[in-house]
Amino acid sequence: MENRISYTKPFGNFTKSDFNTSDLISLFNQHRQFYQSYQPVFTDGSKYLNHVDCAYVINGPVGCYKLHPFTSLFSSEIKAVYFAPKYIGVHEIRKSILHTDSMSLLESVRYSSTHNPLIKEVKDFYRDSLSKGVRILFSWIPFHISIAGNELADKAGKSAIEFLSRLIVYAKERSAINQWCFYQWQEK
(Lines give C-alpha, C1' and ligand atoms only; values in the text may rest on other atoms or scores of the structure.)
Protein backbone atom coordinates (compact mmCIF):
# COMPACT_ATOMS: atom_id res chain seq x y z
CA MET A 1 0.00 0.00 0.00
CA GLU A 2 1.39 3.41 -0.97
CA ASN A 3 2.22 5.96 1.73
CA ARG A 4 1.87 8.94 -0.58
CA ILE A 5 -1.35 10.84 -0.06
CA SER A 6 -3.48 11.26 -3.15
CA TYR A 7 -6.95 12.59 -3.70
CA THR A 8 -9.90 12.17 -6.00
CA LYS A 9 -11.42 14.96 -8.06
CA PRO A 10 -14.91 13.82 -8.97
CA PHE A 11 -15.55 17.18 -10.65
CA GLY A 12 -12.42 17.19 -12.79
CA ASN A 13 -11.14 20.64 -13.69
CA PHE A 14 -14.55 22.23 -13.85
CA THR A 15 -15.43 25.86 -13.37
CA LYS A 16 -18.74 26.62 -11.73
CA SER A 17 -19.94 28.39 -14.84
CA ASP A 18 -19.52 25.14 -16.83
CA PHE A 19 -22.21 23.29 -14.85
CA ASN A 20 -25.44 23.97 -13.09
CA THR A 21 -25.83 22.95 -9.46
CA SER A 22 -27.98 19.89 -10.21
CA ASP A 23 -25.28 18.53 -12.58
CA LEU A 24 -22.64 18.97 -9.87
CA ILE A 25 -24.78 17.30 -7.24
CA SER A 26 -25.42 14.44 -9.67
CA LEU A 27 -21.65 14.04 -10.17
CA PHE A 28 -21.13 14.04 -6.41
CA ASN A 29 -23.87 11.43 -5.92
CA GLN A 30 -22.21 9.18 -8.52
CA HIS A 31 -18.94 9.63 -6.65
CA ARG A 32 -20.61 8.74 -3.34
CA GLN A 33 -22.15 5.66 -4.95
CA PHE A 34 -18.74 4.52 -6.17
CA TYR A 35 -17.30 4.98 -2.65
CA GLN A 36 -20.40 3.85 -0.79
CA SER A 37 -18.41 1.58 1.53
CA TYR A 38 -16.46 4.64 2.78
CA GLN A 39 -17.72 6.81 5.62
CA PRO A 40 -18.08 10.37 4.25
CA VAL A 41 -16.36 13.12 6.23
CA PHE A 42 -16.73 16.81 5.37
CA THR A 43 -14.35 19.51 6.52
CA ASP A 44 -14.42 23.28 6.30
CA GLY A 45 -12.36 26.23 7.39
CA SER A 46 -13.63 29.79 7.13
CA LYS A 47 -12.27 33.26 7.72
CA TYR A 48 -14.36 36.37 8.22
CA LEU A 49 -13.49 39.91 9.25
CA ASN A 50 -13.12 39.06 12.96
CA HIS A 51 -13.90 35.37 13.13
CA VAL A 52 -12.00 32.27 11.97
CA ASP A 53 -13.32 28.75 12.41
CA CYS A 54 -12.92 25.14 11.40
CA ALA A 55 -15.26 22.17 11.47
CA TYR A 56 -15.58 18.55 10.47
CA VAL A 57 -18.79 16.58 10.03
CA ILE A 58 -19.34 12.83 10.17
CA ASN A 59 -23.04 11.89 10.27
CA GLY A 60 -23.89 15.35 11.61
CA PRO A 61 -21.80 18.01 13.34
CA VAL A 62 -18.91 16.51 15.24
CA GLY A 63 -16.22 19.11 15.84
CA CYS A 64 -16.17 22.85 15.39
CA TYR A 65 -13.76 25.39 16.80
CA LYS A 66 -13.20 29.11 16.82
CA LEU A 67 -9.63 30.03 15.98
CA HIS A 68 -7.59 33.12 16.66
CA PRO A 69 -8.49 35.99 14.29
CA PHE A 70 -4.90 36.05 12.97
CA THR A 71 -5.27 32.47 11.70
CA SER A 72 -5.21 32.28 7.92
CA LEU A 73 -7.94 30.61 5.87
CA PHE A 74 -5.41 27.97 4.80
CA SER A 75 -4.53 27.18 8.43
CA SER A 76 -8.22 26.92 9.34
CA GLU A 77 -8.67 24.37 6.53
CA ILE A 78 -5.64 22.44 7.81
CA LYS A 79 -7.07 22.40 11.33
CA ALA A 80 -10.33 20.86 10.10
CA VAL A 81 -8.43 18.19 8.16
CA TYR A 82 -6.15 17.67 11.18
CA PHE A 83 -9.03 16.93 13.58
CA ALA A 84 -11.13 14.75 11.27
CA PRO A 85 -8.60 11.87 11.00
CA LYS A 86 -8.07 12.01 14.76
CA TYR A 87 -11.81 11.42 15.20
CA ILE A 88 -11.70 8.67 12.59
CA GLY A 89 -8.88 6.96 14.51
CA VAL A 90 -10.50 7.24 17.94
CA HIS A 91 -13.80 5.86 16.65
CA GLU A 92 -12.06 3.11 14.65
CA ILE A 93 -13.65 3.97 11.33
CA ARG A 94 -11.84 1.61 8.94
CA LYS A 95 -12.68 3.30 5.62
CA SER A 96 -13.46 6.97 5.18
CA ILE A 97 -13.40 9.57 2.47
CA LEU A 98 -12.52 13.06 3.60
CA HIS A 99 -14.09 15.80 1.47
CA THR A 100 -12.63 19.30 1.45
CA ASP A 101 -13.14 22.32 -0.75
CA SER A 102 -9.51 23.43 -0.36
CA MET A 103 -7.44 22.37 -3.36
CA SER A 104 -4.37 24.15 -1.96
CA LEU A 105 -4.63 22.03 1.18
CA LEU A 106 -4.84 18.81 -0.83
CA GLU A 107 -1.84 19.82 -2.91
CA SER A 108 0.15 20.63 0.25
CA VAL A 109 -0.71 17.29 1.82
CA ARG A 110 0.06 15.45 -1.40
CA TYR A 111 3.64 16.63 -1.86
CA SER A 112 6.39 15.49 0.42
CA SER A 113 8.28 18.65 1.30
CA THR A 114 6.49 20.90 3.74
CA HIS A 115 7.51 23.27 6.47
CA ASN A 116 4.05 23.41 8.01
CA PRO A 117 3.95 21.34 11.22
CA LEU A 118 0.22 20.64 10.94
CA ILE A 119 0.56 19.33 7.38
CA LYS A 120 3.36 17.12 8.65
CA GLU A 121 1.14 15.85 11.48
CA VAL A 122 -1.71 15.09 9.05
CA LYS A 123 0.70 13.15 6.84
CA ASP A 124 2.20 11.28 9.80
CA PHE A 125 -1.24 10.35 11.10
CA TYR A 126 -2.25 9.21 7.62
CA ARG A 127 0.80 6.93 7.36
CA ASP A 128 0.19 5.57 10.86
CA SER A 129 -3.45 4.86 9.91
CA LEU A 130 -2.34 2.99 6.80
CA SER A 131 -0.03 0.82 8.89
CA LYS A 132 -3.05 -0.13 11.03
CA GLY A 133 -5.17 -1.05 8.02
CA VAL A 134 -7.27 2.12 8.09
CA ARG A 135 -8.03 3.60 4.68
CA ILE A 136 -8.56 7.37 4.40
CA LEU A 137 -9.21 8.82 0.96
CA PHE A 138 -9.13 12.53 0.28
CA SER A 139 -11.54 14.15 -2.15
CA TRP A 140 -11.88 17.66 -3.51
CA ILE A 141 -15.37 19.09 -3.84
CA PRO A 142 -16.44 22.59 -4.90
CA PHE A 143 -17.83 24.82 -2.19
CA HIS A 144 -21.39 26.11 -1.94
CA ILE A 145 -23.15 23.86 -4.43
CA SER A 146 -25.60 22.48 -1.88
CA ILE A 147 -23.81 19.24 -0.99
CA ALA A 148 -25.46 18.56 2.36
CA GLY A 149 -22.36 17.50 4.32
CA ASN A 150 -20.30 20.40 3.02
CA GLU A 151 -23.03 22.90 3.88
CA LEU A 152 -23.38 21.32 7.34
CA ALA A 153 -19.63 21.70 7.97
CA ASP A 154 -19.83 25.34 6.90
CA LYS A 155 -22.76 26.01 9.28
CA ALA A 156 -21.10 24.09 12.12
CA GLY A 157 -17.99 26.25 11.83
CA LYS A 158 -20.00 29.47 11.87
CA SER A 159 -21.75 28.36 15.06
CA ALA A 160 -18.53 27.32 16.83
CA ILE A 161 -18.36 28.42 20.44
CA GLU A 162 -15.35 26.45 21.67
CA PHE A 163 -12.17 28.45 21.26
CA LEU A 164 -9.24 26.31 20.23
CA SER A 165 -6.54 27.06 22.75
CA ARG A 166 -3.63 25.45 20.89
CA LEU A 167 -1.61 28.32 19.51
CA ILE A 168 -0.88 28.12 15.81
CA VAL A 169 1.88 30.37 14.56
CA TYR A 170 2.93 29.78 10.98
CA ALA A 171 4.41 32.04 8.38
CA LYS A 172 1.13 33.70 7.35
CA GLU A 173 0.03 34.22 10.95
CA ARG A 174 3.48 35.40 11.95
CA SER A 175 3.34 37.96 9.16
CA ALA A 176 -0.05 39.24 10.36
CA ILE A 177 1.22 39.46 13.94
CA ASN A 178 4.34 41.33 12.80
CA GLN A 179 2.22 43.79 10.83
CA TRP A 180 -0.04 44.36 13.82
CA CYS A 181 2.96 44.91 16.12
CA PHE A 182 4.50 47.33 13.61
CA TYR A 183 1.21 49.22 13.40
CA GLN A 184 0.99 49.42 17.20
CA TRP A 185 4.59 50.64 17.36
CA GLN A 186 3.93 53.31 14.73
CA GLU A 187 0.91 54.56 16.70
CA LYS A 188 3.04 55.25 19.79
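Conventions we followed
Residues numbered from 1 in each chain as written. Predicted model: local features only at pLDDT ≥ 70, side-chain atom pairs only at ≥ 80, totals over all residues. Heavy atoms only, no water. Helix = DSSP H or I, 4+ residues; strand = E, 2+ residues; numbered from the N terminus. Axes fitted to C-alpha atoms, helices over the stretch in contact; angles between N-to-C directions. Parallel < 35°, antiparallel > 145°, perpendicular 65-115°, else oblique. Left-handed = near helix turned anticlockwise from the far one by under 90°. Contact = heavy atoms within 4.5 Å. Nonpolar A, V, L, I, M, F, W, Y, C, P; charged D, E, K, R; others polar. Core = buried A, V, L, I, M, F, W, Y, C linked by side-chain atoms within 4.5 Å. Buried < 20%, exposed > 50% of the residue type's maximum accessible area, 1.4 Å probe, protein only.

Novice: Just checking my understanding: could you explain unusual backbone geometry for this structure?
Specialist: Most peptide bonds take the trans configuration, and most residues that are not glycine carry a negative phi. Even without being a glycine, Glu92 presents a positive backbone phi close to 50°. Note that Glu92 resides in the loop between helix H2 (73-90) and strand S5 (95-100).

Novice: So what exactly am I meant to see when it comes to the packing of H2 against helix H4 (residues 117-131) here?
Specialist: Two packed helices can be described by the angle between their axes and the distance between those axes. Remark: H2 packs on H4, axes separated minimally by 10 Å, with the N-to-C direction vectors making an angle of 25°. As judged from the angle between their axes, H2 and H4 are roughly parallel. Once H2 is placed against H4, the crossing between them reads as left-handed. Note on element contacts: H4 touches H2 through Leu118, Ile119, Glu121, Val122 and Phe125, opposite Phe74, Ile78, Lys79, Val81, Tyr82, Pro85, Lys86 and Gly89. Its residues assigned to classes, the contact of H2 with H4 comprises 9 nonpolar, 1 polar and 3 charged.

Novice: I tried to follow the nonpolar core on my own but got confused; where do I start?
Specialist: Side chains of a nonpolar character, in soluble globular proteins, are inclined to be buried together. Judged by nonpolar contacts, the single largest core of 41 residues is most densely connected at Phe11, Phe42, Ile88, Leu105, Phe138 and Ile147. Elements that contribute at least two residues to this core include exactly helix H1 (21-34), strand S2 (39-47), strand S3 (52-57), strand S4 (61-67), H2, helix H3 (103-110), H4 and strand S6 (135-140). Among the elements that take part in this core, H2 stands out by supplying 8 residues, more than any other.

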